[in-house]
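Chains, contacts and geometry: an overview
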Amino acid sequence: MENFVTGILINGLLIGTLYAIIALGYTMVYGVLQLINFAHSEVFLTGGVVAFEIFRVLSPAPGAEPGTGMNPYLVFAVALVTAIVVCGALNIVIERLAYRPLRNAPKLVPLISAIGVSLILQDVIKLLEGFQGRFQLAVNVPGAFTRTVFTVADTNVKGIDLTLLIVAAVMLFGLNRLVNHSRVGRAIRAVAQDRVTAGLMGIDSNRMISLTFLIGGALGGVGGVLFALKFPNLDPYSGTIPGIKAFSAAVLGGIGSIPGAVLGGLVLGIIENFLGSLSGLVFIFPKLAFLGAIKAEYKDVGAFIALIVILIFKPSGLLGRNATEKV
Amino acid sequence: MLELTDIHTYYGHIHALKGVTLHVMQGEIIALIGGNGAGKTTTLRTISGMQKPRMGTLHYLGQDIAGVRPDTIMQRGMSHVPEGRRIFGQLTVRENLEIGAYTVSDKATIESRIQEGFEFFPRLKEREKQLGGTLSGGEQQMLAIARALMVAPKLLLLDEPSMGLSPLFVETIFDIVQRLNRERGTTILLVEQNASMALGIAQRAYVLQTGEIRLQGPASEIASNESVRKAYLGED
Ligand SMILES: Nc1ncnc2c1ncn2[C@@H]1O[C@H](COP(=O)(O)OP(=O)(O)OP(=O)(O)O)[C@@H](O)[C@H]1O
Ligand SMILES: [Mg+2]
């Protein structure tokens, strides 16, 4: 029983961390523009595609002599940096072309534009890879990431799992320094609260908005690389489901709140893993045979039901601000 | 130091300022009074660069500043305390002050100005780490003024600093405005609904009505003007 719970917590934490990283991109952009950047799922997937390409080119082909080729961690670092640059830049371009011209339009208009960008990016990825005869992208994950490093309570912790936790911890630490303890971070928060007054203080709000898209895109890119190593079969639509989950995590935590996105991601990851593992309880409590009917495939349905229930009781999200705010 | 000549400002088709001409000299406190919708806020927004005038000239420290961006104007020593205070509610008191000094790059200067602000407004020091949104209305007004002082302005534009404050707080705010003027030589353009108080501390005043200057002159003369007494000082 303890092993069962530990397993759920570990796996939930890992998936949840991934959701959290992606959710940050949604929540930060929402914070400054009150816009749901639906294209974020594809920005994230672009990170995965970057990882696919980097590992395809730089890693030894599967079955090659062991010990040949570049060090897998070095390849990983190259993939991370490339994804940060590509996805950060992509997100900035998206804002410039698709959202900025609509800045003063009613809120619904840029939302439609966001959905459009999301669909366009799916097609672009399909085209780029399709030209090379690929639709399914099987990421060439080095053994270092798939190997089990240690086992806690019957749960195998792999190289990618440790990598994921370390990278996420470093990024969250850096993000906190940047947003809460730097001049630029203060300016971003000021723009998020009141763009006009921030302008009166001499802050160029367009630059801060671009910077927010850069940070969100970079986080999405890192998330995409980690995702590609953990779930190494991608296609042009692989961004959608994790994107929706991460967006839900952001809402669950309180959209616009950075700690909320992290908490929401973790909670969603754990709930999901719990529901996905329910049928496993049958082996521990044979009398609960009905649990066997709860197949792991239903975990998404369950997770969203849980999400709705939480939001009914806490509509502004776990760490969200109340809708009414003293002016 | 500041000179507006025949300024016209529009919001789309709405003609908010219809040829405003006024000037402010170094070291003065000037009151700008008028009823709701007269164009007082628009005048200040035009001066600080938030709204571009369509016609007329706008000179500040000898330079034409019509259409210049607010941050550039601010760097030339002008600061604007906007209507409704507009402090950053989710930032702490200290962070609000730091944002006020966004265009100041020297850290030591920023820190010494924060301390000066705390000397002027000891209440803010006690609430340094509190979120701006949790301050009382009067404290928020103090914060808005302290934030504007972070650039050590030569000219301070104040838009209805007494709005919504209890008489005691209004007194405090007006005292501070006078002290700023006396001790630091800050020139002040003060927009007020509270006309009697404003006329009490100003040297000269302008009366704005539906986008036009209706009256101007020494504050004492304006205060004793028959129609001003009726319209803005609540007498009949
Ligand atoms: N953003 C805007 N869009 C359109 N019209 C505006 C806008 N802001 C002000 N106006 C109009 O311009 C005119 C002048 O407004 P302004 O805010 O300058 O008045 P005010 O003298 O400051 O009034 P109050 O004492 O109520 O603050 C008003 O008729 C107002 O309706
Ligand atoms: Mg006004």
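Because the structure is a prediction, the values reported are computed rather than measured. (Residues numbered from 1 in each chain as written. Chains lettered and ligands numbered in written order. Predicted model: local features only at pLDDT ≥ 70, side-chain atom pairs only at ≥ 80, totals over all residues. Heavy atoms only, no water.)

Moving on to the overall build of chain A. A tally of regular secondary structure across chain A gives 12 helices and four strands. With the principal axes as the frame, chain A shows a C-alpha extent of 65 × 50 × 35 Å. Looking at chain A as a whole, 50% of its 327 residues are labelled buried. Long-range contacts, defined as pairs at least 24 residues apart, comprise 76% of the intrachain contacts of chain A with a sequence gap of at least 6. Working note: accessible area of chain A is about 15100 Å², and carbon and sulfur atoms make up 69% of it. Separation between the mean location of the 23 positive side-chain charges and that of the 16 negative ones in chain A comes to 9 Å. (Helix = DSSP H or I, 4+ residues; strand = E, 2+ residues; numbered from the N terminus. Buried < 20%, exposed > 50% of the residue type's maximum accessible area, 1.4 Å probe, protein only. Contact = heavy atoms within 4.5 Å. Areas by Shrake-Rupley, 256 points an atom, 1.4 Å probe, with all protein chains shown as cover. Lys, Arg positive; Asp, Glu negative; His and termini not counted. Charge placed at Lys NZ, Arg CZ, Asp CG, Glu CD.)

Let's shift gears to the packing of aromatic side chains. Within this structure, the stated rule accounts for nine aromatic pairs over all chains. Judged by centre distance (6.4 Å) and plane angle (85°), the ring pair of Phe55 of chain A and Phe145 of chain A falls under edge-to-face. Of this pair, Phe55 of chain A sits in helix α2 (residues 40-58) while Phe145 of chain A sits in helix α5 (residues 143-146), placing them 90 residues apart in sequence. For the pair formed by Phe55 of chain A and Phe145 of chain A, the shared burial category is buried. A centroid spacing of 5.5 Å and a plane angle of 50° characterise the contact between Phe76 of chain A and Phe145 of chain A, whose relative ring orientation is tilted. Placement of Phe76 of chain A in helix α3 (residues 72-99) and of Phe145 of chain A in helix α5 is noted, with a sequence separation of 69 residues between them. Here Phe76 of chain A matches Phe145 of chain A in class, with each residue buried. Connected via pairs of aromatic rings, a cluster forms that spans Phe55, Tyr73, Phe76 and Phe145 of chain A. The ring of Tyr102 of chain B has Arg183 of chain A sitting right over it, with the charged end atom 4.1 Å from the ring centre. (Phe/Tyr/Trp six-rings, centres within 6.5 Å; stacked < 30°, edge-to-face > 60°. Lys NZ or Arg CZ within 6 Å of the ring centre and 35° of its normal.)

Attention now moves to a nonpolar patch on the surface. Where nonpolar side chains cluster on the molecular surface, the patch consists of Tyr298, Val301, Ile305, Ile308, Val309, Ile312 and Phe313 of chain A and spans about 760 Å² of accessible area. Positionally, Phe313 of chain A belongs in helix α12 (residues 299-313). (Patch = residues over 30% accessible without salt bridge, like charges linked within 9 Å, V, L, I, M, F, W, Y side chains within 5 Å. Salt bridge = Lys/Arg side-chain N within 4 Å of Asp/Glu carboxyl O.)

Time to look at the confidence of the model for chain B. The pLDDT averaged across chain B works out to 91; a share of 98% of its residues lies at or above 70. Here the predicted complex scores 0.89 on pTM and 0.89 on ipTM. (pLDDT = per-residue confidence, 0-100.)

This part takes up the side chain of Arg127 of chain B. On the secondary structure map, Arg127 of chain B appears in the loop between α5 (122-126) and α6 (137-149). Within the structure, Arg127 of chain B has its side chain in polar contact with the side chain of Glu126 of chain B (distance 3.1 Å). (Polar contact = N/O pair within 3.5 Å; in protein donor to acceptor, adjacent residues only side chain to side chain.)

Facing 25 residues of chain B, the contacting portion of chain A comprises 22 residues. In total, about 2100 Å² of surface goes out of reach between chain B and chain A, with carbon and sulfur atoms giving 57% of it. The largest share of the area that chain B buries against chain A comes from Phe88, Gln90 and Tyr102 of chain B, three residues that together contribute 34% of it. Viewed at the interface, chain A and chain B are joined by three salt bridges. Where chain B meets chain A, there are seven residue pairs in polar contact (both at pLDDT 80 or more). (Buried area = accessible area lost by both parts, 1.4 Å probe.)

Moving on, we get to the sheet that holds strand β6 (residues 78-81) of chain B. Residues and elements named next belong to chain B. Read across the sheet, six strands follow the order β6-β7-β8-β3-β9-β10 without closing on themselves; strand pairing throughout is mixed. Two strands lie at the open edges of the sheet, namely β6 and β10 (212-218), each paired on one side alone. Taken over all neighbouring pairs, the strand axes of this sheet differ in orientation by 15° on average, direction set aside. Two strands pair when backbone bridges link them, and strand β3 (residues 29-33) and strand β8 (residues 187-192) are joined in this way by five bridges, in the parallel orientation. Looking at β8, one finds that Ile33 is bridged to Glu192. Packing against the sheet, helix α1 (residues 40-47) makes contact with β3, β6, β7 (155-159), β8 and β9 (204-209), and its axis sits at approximately 150° to β7. With respect to the sheet, α6 is in contact with β6 and β7, its orientation differing from that of β6 by roughly 165°. (Pairing = 2+ DSSP bridges. Axes fitted to C-alpha atoms, helices over the stretch in contact; angles between N-to-C directions.)

Residues and elements named next belong to chain B. Within the protein, Thr41 (OG1), Glu83 (OE) and Glu83 (OE) serve as the donor atoms for the magnesium ion (ligand 2), at 1.9 to 2.8 Å. With Thr41 in helix α1 and Glu83 in the loop between β6 and α3 (93-100), this residue pair connects regions lying 42 residues apart in the sequence. By relative accessible area, Glu83 is classed as partly exposed at 32%. (Donors = N, O, S within 2.8 Å, 3.2 Å for Na, K, Ca; no water.)

Residues and elements named next belong to chain B. Direction of pairing for strand β1 (residues 2-11) relative to strand β4 (residues 55-60): antiparallel, over a ladder of five bridges. Each bridged residue has a counterpart across the sheet, and for Leu4 the counterpart in β4 is Leu58. Bridge count between β4 and strand β5 (residues 63-64): two bridges; the pairing is antiparallel. Residue pairing in the sheet places His59 in a bridge with Asp64 of β5.

To continue, consider the site of ligand 1. Residue and element names in this part refer to chain B. Around ligand 1, the surrounding shell holds 14 residues, and the nearest of these are Lys40, Thr41, Thr42, Glu83 and Gln193. One nitrogen or oxygen atom from the main chain of Ala38 is found 3.2 Å from an oxygen atom belonging to ligand 1. Coverage of ligand 1 by the protein chains reaches 63% of its 630 Å² of free accessible surface. Contributing elements (two or more residues each) for the shell around ligand 1: β2 (14-24) and α1. Ranked by the residues each element gives to the shell around ligand 1, the list is headed by α1, at three residues. Taken together, the residues of the shell around ligand 1 break down into four nonpolar, seven polar and three charged. (Near = heavy atom within 4 Å. Nonpolar A, V, L, I, M, F, W, Y, C, P; charged D, E, K, R; others polar.)

Right, let's get into the side chain of Arg100 of chain A. Residue and element names in this part refer to chain A. Here Arg100 is to be found in the loop between α3 and α4 (108-130). For Arg100, a relative accessible area of 19% translates into the label buried. Not counting residues up to four positions away in its chain, the partners in contact with Arg100 are Glu95, Asn206 and Ser210.

With that out of the way, let us pick up unusual backbone geometry. At Arg86 of chain B, a residue that is not glycine, the phi angle is positive and equals roughly 50°. Among the secondary structure elements, Arg86 of chain B is positioned in the loop between β6 and α3.

Here we take up the sheet that holds β5 of chain B. Reading across from one edge, β2-β1-β4-β5 (chain B) is the order of the four strands in this open sheet, with antiparallel pairing throughout. Of all the strands in the sheet, the pair left with one neighbour each is β2 and β5 of chain B.

Counting 83 residues, the largest nonpolar core has Phe55, Phe76, Tyr99, Ile203, Leu219 and Leu226 of chain A as its most contacted members. It is helix α1 (residues 2-33) of chain A that provides the largest number of residues to this core, a total of 13 residues. Setting aside its immediate chain neighbours within four residues, Tyr99 of chain A contacts Leu35, Asn37, Phe38, Ala39, Ile94, Pro110, Ser113, Ala114 and Phe213 of chain A. Among the nonpolar cores identified, the runner-up in size contains 48 residues, and Ile110, Ala144, Val151 and Ala219 of chain B belong to it. (Core = buried A, V, L, I, M, F, W, Y, C linked by side-chain atoms within 4.5 Å.)

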